[in-house]
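# Fold and contact review
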Amino acid sequence: MSKFEGVIVSDQWLHSQFTQVELRSLKSKFVSLKNQNGKVTYGDLPPLMVKLKEFRDTYNEDEIRVIFGESDANVTNDVDFEAFLRAYLNLQSQAIVKQGGRRHSSSFLKDSVTTLLHTISDSEQACYVAHINSYLGDDPFLNQFLPLDPSTNDLFDLAKDGVLLCKLINVAVPGTIDERAINAKQNLSLWQKNDNHNLCLNSAKAIGCTVVNIGAQDLLEGRPHLVLGLISQIIKIQLLADLNLKKTPQLVELVDDSQEIEELLSMSPEKVLLKWMNFHLQRGGYQKTVKNFSSDVKDGEAYAYLLNVLAPEHSSPATLDTKEPYERANLVLDHAERMGCKRYLSARDITEGSSNLNLAFVAQLFHHRSGLSTDTKKVSFATMMTDDVQTSREERCFRLWINSLGISTYVYNVFEDVRNGWILLEVLDKIFPGSVNWKHATKPPIRMPFRKVENCNQVVKVGKQLRFSLVNVAGNDIVQGNKKLILGTLLWQLMRFTMLQMLKNLRLHSQGKEISDADILKWANRKVKSTGRTSHIESFKDKSLSNGLFFLELLSAVEPRVVNWNLVTKGEKDDEKRLNATYIISVARKLGCSIFLLPDDIMEVNQKMILTLTASIMYWSLQQQTEDTDSFPSPGGTATTTTPEASPAPSVCGEDESSSSIGGEFSNICVDDATSDTTVSSSEGVLVGDEL
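Residues numbered from 1 in each chain as written. Predicted model: local features only at pLDDT ≥ 70, side-chain atom pairs only at ≥ 80, totals over all residues. Heavy atoms only, no water.

## Some points on the packing of helix H14 (residues 301-310) against helix H16 (residues 325-338)
- Orientation of H14 relative to H16, taken along the N-to-C sense of each, is 25°, at an axis distance of 9 Å. Compared by their axis directions, H14 and H16 come out roughly parallel. You can see that H14 and H16 cross each other, and the crossing is left-handed. Contact with H14, carried on its side by Glu301, Tyr303, Ala304, Leu307 and Asn308, involves Arg328, Val332, His335 and Ala336 of H16 and no other residues of that element.
- For the contact of H14 with H16, the residue count by class is five nonpolar, two polar and two charged. (Axes fitted to C-alpha atoms, helices over the stretch in contact; angles between N-to-C directions. Helix = DSSP H or I, 4+ residues; strand = E, 2+ residues; numbered from the N terminus. Parallel < 35°, antiparallel > 145°, perpendicular 65-115°, else oblique. Left-handed = near helix turned anticlockwise from the far one by under 90°. Contact = heavy atoms within 4.5 Å. Nonpolar A, V, L, I, M, F, W, Y, C, P; charged D, E, K, R; others polar.)

So this is what it looks like as structure tokens:
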């Protein structure tokens, strides 16, 4: 159903150092270096290496030539692909040394799943296995394989067919995946497993995981560090899901006034958990402030005070009286077990300061007994401060899209996190490499307000160079947190422009034509009509889209086997529409589309989200047509966008080392956000906007 291909490297150790996404990207770049004789030499490598994001801030071209000269006396020697990979790894290791040893955090959410960290903690593996055994032990399909033994490779073997990971995502965020779309049976074919992994990876991004540089084949191979990296993110999202005012308005008890409530709204779940812990520690008489889940909790003393406040009926004086940290840690775990918390970590995990496991332990305590009051006056005030449903859904969509790009900063709240301009500059530079002048940008934390304005002014400047509609928009509007401007104008234009540019890149070699919203509409109608069906939509606001049948027919048109029509309803009632909408999203992700909308967006015909869904399906379809003939960058310096294997959808741009001229490649594209509808009558080369 979906294409399955990989880059084969004969040296198994060398193969294990890269994901398939990385191998395909590096293979593409290597092939682009070949001369007329089909050869690549060591002398050809420095100009390429210096453009790669891993090295461009560390080395110049001459320094790389010196390094390669030391490793190979004759720079005219031919280089094969595996020698190129070894040269890449050698340069990477020297870059890490030159930078003073890069620190690879194992934080659940802030880091992408990559191959940079190959060490696997036995304790973390045991914790995740225990979590899976607990939450999926009753699953009708998985119960035949559970419980897993953490001391074996059972977890990685079971993860190879994709069912376990899809089910775990649904535990973390119920309803994310329509289980009817999962290929759940024994002895799955290679293609069925691949479809499950596409569904898993695109759904993981849709709940907030960062899965840059990991593809379906990496999961098929069961690479332990990648499987555990993904599982750890999914589990943390589950554990921290309620640590916000929307889900738990009782958290308002942690603050005293409206200004502090606004700060609480912008906090990451991890910081909210720390604030909750310190709130109770202060009540219990603990004199210190816990600032992390590693060194500050290693002696177990903070846990003893916390549990005495939360569950005094199970407390024991011996916990605080003992002077030995390991013994105290055991007593803390006994106390937690008596109050109903399952023992997922050991006393050694506490004393060694395992940040991931300690965070999971505190989150578990919060779920079992938050110790917060139900002051109705405060709770109702907190509820009033949350956004309306439509704004919340759009904020969620753009937040997840930004995080899927793999920028260095993780976004927890769009409205608050973008106000200093830094994240928007990162997004612009990721999508349009070279567009940002980093010498004129200030990295957070930013104490001087005018520096935030400077960052946001540059965002507006670059946006105008890209011909975005930003009339009467100034940097200070972003600093002030203007929600309509941030969501409806800036981020929407960024996301749509990215989609349309990627579609254009796919069609450069065949039609050489700009892509507009109207082109996507025409394509969708033509595709459905080509199958002999009569469904037709007039615009992306067409109310007939609410029943989902048009999208199911479109998906079936691009891949006849993907839709099981026995599962499709008539879409006449709301519950039938929801079933269809949920199925549409899962089927699209199963194909390989990276989308962030919700079933409600289809049912209510949210034209922005409808456009992104249609464009994603179009991108996947066009990619299948061009993948074999357009595998490598075109000669002549045309700026193209490489999309990661795990994300063949127009929501993620690829490598950021290919520089594009703002005044050239993009100058003939204009976005008119005053136009209310997208119809089939738009001018070629003009992107017709949506009513905001």
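That shown, we press on.
## What to know about helix H23 (residues 449-465)
- An ideal rise of 1.5 Å per residue puts 24 Å on 17 residues; H23 measures up with 25 Å between its terminal C-alpha atoms.
- Taken residue by residue, H23 has Asn455, Cys456, Gln458, Val459, Val460, Val462 and Gly463 as its buried positions.
- Positive backbone phi, approximately 70°, marks Arg467, located one or two places after H23. (Expected span 1.5 Å × (residues − 1). Buried < 20%, exposed > 50% of the residue type's maximum accessible area, 1.4 Å probe, protein only.)

## Quick word on the pattern of salt bridges
- Under the definition given, this model contains 22 salt bridges.
- In this structure, Glu313 and Arg369 form a salt bridge, with 2.8 Å as the shortest nitrogen-oxygen distance. Taken as a pair, Glu313 in the loop between H14 and helix H15 (317-321) and Arg369 in the loop between helix H18 (355-368) and helix H19 (376-384) lie far apart in primary sequence, 56 residues in all.
- Beyond isolated ion pairs, a larger network of salt bridges with shared partners links Asp139, Lys167 and Glu179. (Salt bridge = Lys/Arg side-chain N within 4 Å of Asp/Glu carboxyl O.)

## Some words on a negative patch on the surface
- On the surface, Asp256, Asp257, Glu262 and Glu263 cluster together into a negatively charged patch.
- You can see Glu262 is positioned in helix H12 (residues 258-266).
- According to the relative accessible area criterion, Glu262 is partly exposed, its value standing at 46%. (Patch = residues over 30% accessible without salt bridge, like charges linked within 9 Å, V, L, I, M, F, W, Y side chains within 5 Å. Areas by Shrake-Rupley, 256 points an atom, 1.4 Å probe, with all protein chains shown as cover. Lys, Arg positive; Asp, Glu negative; His and termini not counted. Charge placed at Lys NZ, Arg CZ, Asp CG, Glu CD.)

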